[in-house]
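Spelled out, the chains give:
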Amino acid sequence: MRTLKPHAALLASPGMGHLIPVVELGKRLAAHHGFDVTIFVVAPDSSIGESPVFSSASALNHLKLVLLPPVDISGLTDSTSSVVTQLVMMMREALPSLRTAISAMRARPATLVVDLFGTEALAVAEEFDMLKYVFITSTARFLAATIHLPTIDGKVEHEHRIMKRPLEIPGLEPVRFEDTLDLFLDQTDKSLYAEYTRIGREIPTADGILVNTWQDLEPSTLHALEDDKFLGRVTKAPVYPVGPLVRPVGPNSKSEVMNWLGMQPVESVIYVSFGSGGTLSAEQTTELAWGLELSQQRFVWVVRPPMDDDASGNFFNGSNGQDGTPNYLPGGFYTRTHDRGMVVPMWAPQTEILAHESVGGFVSHCGWNSTLESIVNGVPMVAWPLYAEQGMNAAMLVEKLGTAVRSRMRPAGGPIGREEIADMVRSVINSKGNGMRTRAKELQRGAAGAVLEGGSSHNSLTRVAKECEVKLHSLSARALGA
Ligand code: UDP
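Predicted, not measured: the structure shown is a model, and the values here were computed from it.

Participant: Which residues make up the site of the ligand, and what values go with them?
Facilitator: In the vicinity of the ligand lie 18 residues, with Ser276, Ala348, Asn369, Ser370 and Glu373 positioned nearest. In this structure, an oxygen atom belonging to the ligand sits 2.9 Å away from a side-chain N or O atom of His365. Separating an oxygen atom of the ligand from a side-chain N or O atom of Ser370 is a distance of 2.5 Å. Contact with the protein chains hides 93% of the accessible area of the ligand, taken as 530 Å² for the molecule alone. For the shell around the ligand, the secondary structure elements donating two or more residues are helix H1 (16-32) and helix H14 (368-376). At four residues, the largest contribution of residues to the shell around the ligand is made by H14. The class makeup of the residues in the shell around the ligand is six nonpolar, ten polar and two charged.

Here you go:
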């Protein structure tokens, strides 16, 4: 049965970096566009249900979160399977429970929105005669690269992957090999390239593609995605920039780190974090510690035990030195830096930290959620990409937007050295003179305007809502006629 109130089902793939923007999209549809929203969440176990992201959204009106039964892929993957392949497997295994859950709904939604790893569920939407959308929780540039992938032949792939030539994408700046996607770098996981190519083929089969970006942030790429001379002939479906969709700052948090920030001068602290999963090698962790110390700047560093990039992982044990410094940081680090730095183990309230007036810079892995959280707070960055599409994000921040610095290319690999880290930190904190902070504040204003009523992203979602309404009416007219 369907009611005439628009109802959208959203499907979130595993990982905080996916769940957070999907939940924010759901909140926006419910609060500003009159939808009832049901978010189906796929996860390897039920612990996500206890996360604040899950529980706070579950308490909202017109928004319901449903954790699909945990999926077990242990028999389907092996030690060479990348995180992306595991994600794809989990999403594939979750399809039967999604189908069951939708068919059991009393008020069945007329629309299904899936994220990048959920494109196989577009077929489920078709079974139920629903409108189908893909929500790209990253940039328009990443969308362009992904839908371009199936059109690349073996020669182009070889030239990019092996000969390290830039990847040409119609209407966009070429992607340098140094900034390329994981799928061109991973030599062990044979299915990665094929899965991304499949996703690239499936995205254009949607009725629309939502992207967590906004018109003024990526005008030329959005144009290339619509223009038949460039990628428009591949995209086919309309592209809707709907961002920035970012987690709002929570109610007054009283943590130690927030108290400490409250005692620091305005825009004086650099915040250092590599997302929900980013981990550095032992050598790189040491260089970063020395770099922060050498910079003489105030810092908050979310530290994780290092892991060398050995497939089996090589965690250090967590014992501490005499002053409490964990043994993977240089001896005495806490003593030497306690007057101007704070180390937070594992996880910090990032949106609150970035919104604090004392924070003046962000050393980030350039995950798109972190990048957006920096932009909406007008905070310039040290771009330190680690994996996925983060190299492309870093290139955009440094070369197009001018709100970040990044390390010099290191053709021989190896860690970023402490002096360079110290220089980058200083240049971001003291970025009044070099224009980065001014540019970051301009972007902040543009981002705020895009989501206001009448702003470009608000208008995009209004168009999507209209399409859903039309679909709903046609379905109910059909039901009455039947
Ligand atoms: N995050 C956080 N505290 C941390 C690390 C991460 O709250 O200590 C949040 C961060 O605010 C962001 C998300 O986790 O919303 C990470 O998403 P992103 O796309 O930046 O990176 P990913 O984790 O997907 O690589």
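Still more to cover.
Participant: Let's hear about the pairing of strand E1 (residues 7-12): which residues, and what values?
Facilitator: With six of six residues buried, E1 lies mostly within the body of the structure. Side chains His7, Ala9 and Leu11 of E1 all project onto a buried face; the interleaved residues Ala8, Leu10 and Ala12 project onto the opposite face, where all are buried too. Taken together, the six bridges between E1 and strand E2 (residues 36-41) define a ladder with parallel strand orientation. The partner of His7 across the bridge, within E2, is Asp36. The handedness of the E1 to E2 crossover, carried by H1, is right-handed. Strand direction decides the pairing type here: E1 and strand E4 (residues 111-115), joined by four bridges, are parallel. Considered in E4, the bridge of Ala9 is made with Leu112.

Participant: Run through the environment of Val470, naming residues and quoting values.
Facilitator: Turning to its location among the elements, Val470 is positioned in helix H18 (residues 456-481). A residue is classified by how much of its surface remains accessible, and Val470, at 56% relative accessible area, is exposed. Taking the C-alpha atoms as reference, Val470 lies 43 Å from Met381; in sequence the two are 89 residues apart.

Participant: Got a sec to walk through the layout of surface pockets? Specific residues and values, please.
Facilitator: A volume near 430 Å³ is recorded for the second largest pocket. Along the walls of the second largest pocket sit 22 residues, with Pro52, Val53, Ser56, Arg247 and Glu352 positioned nearest its centre. Of all the secondary-structure elements, those providing two or more residues to the lining of the second largest pocket are H1, helix H2 (52-58) and helix H13 (350-355). With five residues, H1 is the single largest residue contributor to the lining of the second largest pocket. Residues belonging to the lining of the second largest pocket are distributed by class as follows: 13 nonpolar, five polar and four charged.

Participant: Lay out the packing of aromatic side chains in plain terms, naming residues and giving numbers.
Facilitator: Counted under the stated rule, the structure contains five aromatic pairs. Seen in terms of ring centroids, Phe274 and Trp384 are 5.4 Å apart; in terms of plane orientation they differ by 80°. Their pairing is edge-to-face. Highlighted residues: Phe274 in the loop between strand E8 (269-273) and helix H11 (282-295) and Trp384 in the loop between strand E12 (381-383) and helix H15 (390-401), separated in sequence by 110 residues. Across this residue pair, the class does not change: Phe274 and Trp384 are buried. Arranged with centres 6.0 Å apart and planes meeting at 85°, the rings of Trp301 and Phe333 form a pair that is edge-to-face. Separated by 32 residues along the polypeptide, Trp301 in strand E9 (residues 298-303) and Phe333 in helix H12 (residues 333-337) bring together distant segments of the chain. By relative accessible area, which is 2% here, Trp301 ends up buried. For Phe333, a relative accessible area of 0% gives the class buried. Joined through ring pairs, the aromatic side chains of Phe299, Trp301 and Phe333 make up one cluster.

The rules behind the values
Numbering of residues starts from 1 in every chain and runs along the sequence as written. Where totals are concerned, whole chains, interfaces and linings use all residues; where local detail is concerned, this predicted model gives features only for residues with pLDDT of at least 70, and gives and counts side-chain atom pairs only at 80 or more. Excluding hydrogens and water, the side-chain figures rest on all heavy atoms present in the structure. Distances are taken per atom, and a residue is near a molecule or strand as soon as one of its heavy atoms is within 4 Å of it. Within 3.5 Å is the distance limit for a polar contact, defined as a pair of N or O atoms, with the added protein rule that one can donate a hydrogen and the other accept it, and that residues adjacent in sequence qualify only through two side-chain atoms. We get accessible surface area from the Shrake-Rupley algorithm with a probe of 1.4 Å; when it comes to residues, only the shown protein chains can shield them. Secondary structure elements are defined from DSSP: runs of H or I of at least 4 residues count as helices, runs of E of at least 2 residues count as strands, and each element is numbered from the N terminus. Ten residue types, Ala, Val, Leu, Ile, Met, Phe, Trp, Tyr, Cys and Pro, are classed as nonpolar, four, Asp, Glu, Lys and Arg, as charged, and the remainder, Gly among them, as polar. Relative accessibility thresholds used throughout: buried, under 20% of the residue-type maximum; exposed, over 50%; partly exposed, between the two (1.4 Å probe, protein chains only). By the convention used here, strands pair only if DSSP detects at least 2 bridges between them. By convention a crossover is right-handed if, when the strands point away from the viewer, the path from the first strand over the helix to the second runs clockwise. Definitions used for this entry: grid spacing 1 Å over protein atoms alone; cavity, a set of points where a 1.4 Å probe fits but cannot get out; pocket, an open set with protein on both sides within 12 Å along at least 5 of 7 lines; lining residue, one with an atom within 4 Å of a point. Grid points are joined across faces, edges and corners, and a volume is the space filled by probe spheres set on the points. Two rings from Phe, Tyr or Trp (for Trp, the six-membered ring) form a pair when their centres are within 6.5 Å of each other. A pair whose planes differ by under 30 degrees is stacked, one over 60 is edge-to-face, and the rest are tilted.

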